[in-house]
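One letter stands for each residue in the lines below.
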Amino acid sequence: MATREHEQETGAVACSTKQTQLGEGVRWDARRGEMLGVDILAGRVARARIDDDGSLAYVREYQLPWTVGMIAPVEGDGGWLLGAGQGFVYLAPDGTHRIIAELSPAGTRMNDGACDPQGRFWGGTLADDHHEGGAALYRLDRTGQTEKVLSDLTISNGIGWSPDSGTMYLVDSGPRVIHAFAFDPDLGTISDGRILVTVPEDVGAPDGMTVDAAGDLWVAIYGGGRVNRYAPDGSLRKEYPIPARECTCCAFGGPGLNRLFVTTATEGWTEEQRRGDPAAGLVYRYDTDATGLPAAPFRPDPDWWQELTR
């Protein structure tokens, strides 16, 4: 747990006590008023309520037989859609699960993703050895069809959309860049890609991200112990220090959607290292002046979904 002195210095407050290996995928599930999160390498999915003091009160954890990189609520269904192992997986509230599609080749895994405002699920990958060009970005349409949208990425990471759905943002952590694409909300296609932000090597690497209701990008900086807030034009508005260097993902949650929750990691650490740095691997929160958005749900075609889940 972070000390009171450190909390006052940074403004970040630890709201969990259990260290994760690779905490990620934090999302606000507005259906139940719960914060969702994953521990990628441990294959765990967690659901938590937010207490009045901002602490996370865990409701249930699910253990999956694969790595789990991303999660989204499913509209009209009590369960969730995951990017797990090498594809997309449905997780029911009782813990049962089934594979929807296997996409990524051997030696790779699903890493990060989210649903667009129209209800399609986008999931990016990385190669186990993180080699350049070994990652891709896939899209699961509402009808169950899948498509590889981008290839030749290195570590496909955080993804988000502008409030008007006209721009899609995608982090590639390998070259430390945030891409911006023109987004067609009707077709779910991207075009006119450009690099919006390049994070300096001595700062860290951009990781998971979220877009607030005003269109600002909030990006966890892995190795940098911070969340960077960028304007839509890519200019840096503010840095939010976190008492753990391996910041991995962030999302707004709570009734007012003004609390920013930030996951961190202890990836590759020994137990001795974890004991020596108890502030690492926890979830932190900031009370901000911004308003976020809940996780966009996956919105499956009812006929296909009923056939899949019966």
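We now turn to the structure provided with this report. Remember, it's a predicted structure, so these values are computed and weren't measured experimentally.

Digging into the pairing of strand E2 (residues 23–29)
Where burial is concerned, most of E2 is hidden: seven out of the seven residues are buried. Here E2 runs beside strand E3 (residues 34–39); their pairing, made up of five bridges, is antiparallel. Bridging across to E3, Arg27 finds its partner in Leu36. In this antiparallel pair of consecutive strands, E2 and E3, the connection spans four residues, and Gly33 shows a positive phi of 65°.

Observations concerning the nonpolar core
The biggest cluster of nonpolar side chains holds 19 residues, and the ones touching the most others in it are Leu81, Phe88, Ile100, Phe121, Phe298 and Trp305. Counting only elements with at least two residues in this core, the list comes to strand E6 (68–73), strand E8 (87–91), strand E9 (97–102), strand E10 (108–115), strand E12 (135–140) and helix H3 (302–309). Beyond its immediate stretch of four places on either side in the chain, Trp305 contacts Val74, Asp77, Tyr90, Ile100, Phe298 and Pro300. Listed in part, the 18 residues of the second largest apolar core include Trp218, Ala244, Tyr286 and Ala290.

So, the sheet that holds strand E22 (residues 247–253)
Sheets are built from strands paired through backbone hydrogen bonds, the pairs being either parallel or antiparallel. One open sheet accounts for four strands, arranged E1-E24-E23-E22; its pairing is antiparallel. Each edge of the sheet is formed by a strand with only one pairing partner; in this case those strands are strand E1 (13–14) and E22. Alignment of E22 against strand E23 (residues 259–264), held across six bridges, turns out to be antiparallel. Bridge assignment links Ala251 to a residue of E23, and that residue is Phe261.

Conventions we followed
Residues numbered from 1 in each chain as written. Predicted model: local features only at pLDDT ≥ 70, side-chain atom pairs only at ≥ 80, totals over all residues. Heavy atoms only, no water. Buried < 20%, exposed > 50% of the residue type's maximum accessible area, 1.4 Å probe, protein only. Helix = DSSP H or I, 4+ residues; strand = E, 2+ residues; numbered from the N terminus. Pairing = 2+ DSSP bridges. Core = buried A, V, L, I, M, F, W, Y, C linked by side-chain atoms within 4.5 Å. Contact = heavy atoms within 4.5 Å.

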